[in-house]
Amino acid sequence: MRVDVLTIFPEMFTGFLNTSIIKRAREQGRLEVNLVNIRAYARNKHRNVDDYPFGGGPGMVMQAEPLFLAVEDLLPGGEAARPPVILMSPQGEAFNQGMAEELAREEHLILICGHYEGVDERVRLALVTREISIGDYVLTGGELPAMVIIDAVTRLLPGVLGAPEGAREDSFAMGLLEYPQYTRPRSFRGLEVPEVLLSGNHEQIRRWRRQQALERTWRRRPDLLARVNLSPEDRRFLEEISRREGERTP
């Protein structure tokens, strides 16, 4: 996969691209990240890419021309070859695991990192094909959201993770929060590893993990359960939890 990132702060990506799974994916040739400095496409002496908003108001707005020129330079094949052009924006769709899986099927992505008070609306109207938000809060720019998307998508690329099942069992990958994990030692400061994980009975372990994921999701993110394909066994377990909790309520 190739990802072009349009930014006025390419240096922010240095550590991110050269660490952990992202670094390994790049070294394996499974991920190519091309950092494009938007200022290189500014047609003024000082390489400014922002200006005052028409109609007045606080802050500055990113100009349309440098962004259009940058994207057009990345697409010598023209309109027919255009990949998704994604603007990092608080007005966009909320990013989730399903969206990460969808983007991971693309061969090429272009991510635009906004700044200041936003971008000229003509960028949205004629250039961007999708807007994505990583949450309902304000950030200085789109660089951190772009890193989040790259990280989430890269984990899903074939061969990137050492154990393919790891991505499938992560929180949200199966629609639920992940079950508890333990490793050595078996006993630590009086806290013990659940016996079922030491039993060697794979079916019991599978059932325990599923139930733990269900209960953790029920307690922490019950909104997720509405989107999960629950089996009759899952439903019975959740009903039992609900009944127990109801009995404990004064």
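Residues numbered from 1 in each chain as written. Predicted model: local features only at pLDDT ≥ 70, side-chain atom pairs only at ≥ 80, totals over all residues. Heavy atoms only, no water.

So, about a nonpolar patch on the surface. A cluster of nonpolar side chains, Met12, Tyr137, Leu139 and Leu144, forms an exposed patch at the surface whose accessible area comes to about 360 Å². As for its placement among the helices and strands, Tyr137 is situated in the loop between strand S7 (130-133) and helix H6 (143-154). With a relative accessible area of 44%, Tyr137 lands in the partly exposed category. (Patch = residues over 30% accessible without salt bridge, like charges linked within 9 Å, V, L, I, M, F, W, Y side chains within 5 Å. Areas by Shrake-Rupley, 256 points an atom, 1.4 Å probe, with all protein chains shown as cover. Salt bridge = Lys/Arg side-chain N within 4 Å of Asp/Glu carboxyl O. Helix = DSSP H or I, 4+ residues; strand = E, 2+ residues; numbered from the N terminus. Buried < 20%, exposed > 50% of the residue type's maximum accessible area, 1.4 Å probe, protein only.)

Moving on, we come to the UniProt feature "binding site: S-adenosyl-L-methionine" in the protein. UniProt feature "binding site: S-adenosyl-L-methionine": in the numbering of this structure it lies at Gly114, Ile134, Gly135, Asp136, Tyr137, Val138 and Leu139. Along the chain, the position of Gly135 falls in the loop between S7 and H6. At a separation of 3.3 Å, a polar atom in the side chain of Tyr137 contacts the main-chain carbonyl oxygen of Ile134. (UniProt positions renumbered as here; feature names shortened; annotations may be inferred. Polar contact = N/O pair within 3.5 Å; in protein donor to acceptor, adjacent residues only side chain to side chain.)

A separate point is the domain arrangement of the protein. Here the protein is described as being made up of domain 1 (2-156) and domain 2 (187-247). Using C-alpha coordinates to define each centre, domain 1 is positioned 39 Å away from domain 2. (Domains from an automatic or database assignment.)

Relative to the assigned elements, Glu143 resides in helix H6. Buried within the structure, Glu143 lacks any salt-bridge partner; its nearest side chain of opposite charge belongs to Arg39, at an N-O separation of 9.1 Å. The residues contacting Glu143, other than those within four sequence positions of it, are Thr7, Ile8, Phe9, Met12, Phe13, Cys113 and His115. (Lys, Arg positive; Asp, Glu negative; His and termini not counted. Contact = heavy atoms within 4.5 Å.)

Right, let's talk about helix H8 (residues 202-220) for a bit. End to end, H8 covers 27 Å across 19 residues, agreeing with the expected 27 Å (1.5 Å per residue, within 8%). A side-chain oxygen of the first residue of H8 lies 3.2 Å from the backbone nitrogen of Glu203; this N-cap is Asn201. (Expected span 1.5 Å × (residues − 1).)

The next point concerns the environment of Gly57. Of note, Gly57 is situated in the loop between strand S3 (50-51) and strand S4 (61-62). Here Gly57 falls in the exposed class, since its relative accessible area comes to 52%. Gly57 sits 60 residues away from Glu117 along the chain, and the two C-alpha atoms are 9.8 Å apart.

Across all of its chains, the model carries 17 salt bridges by this definition. Here Glu102 and Arg130 are joined by a salt bridge, their closest N and O atoms 3.1 Å apart. Of this pair, Glu102 sits in helix H4 (residues 97-104) while Arg130 sits in strand S7, and the two are 28 residues apart along the sequence. On the basis of relative accessible area, Arg130 is assigned to the buried category, the value being 17%. A salt bridge links Glu131 to Arg124, with the nearest nitrogen and oxygen atoms 2.9 Å apart. Residue Arg124 is classed as buried on the basis of its relative accessible area, which comes to 16%. Salt bridges sharing partners connect three or more residues here, namely Glu203, Arg206, Arg207 and Glu233.

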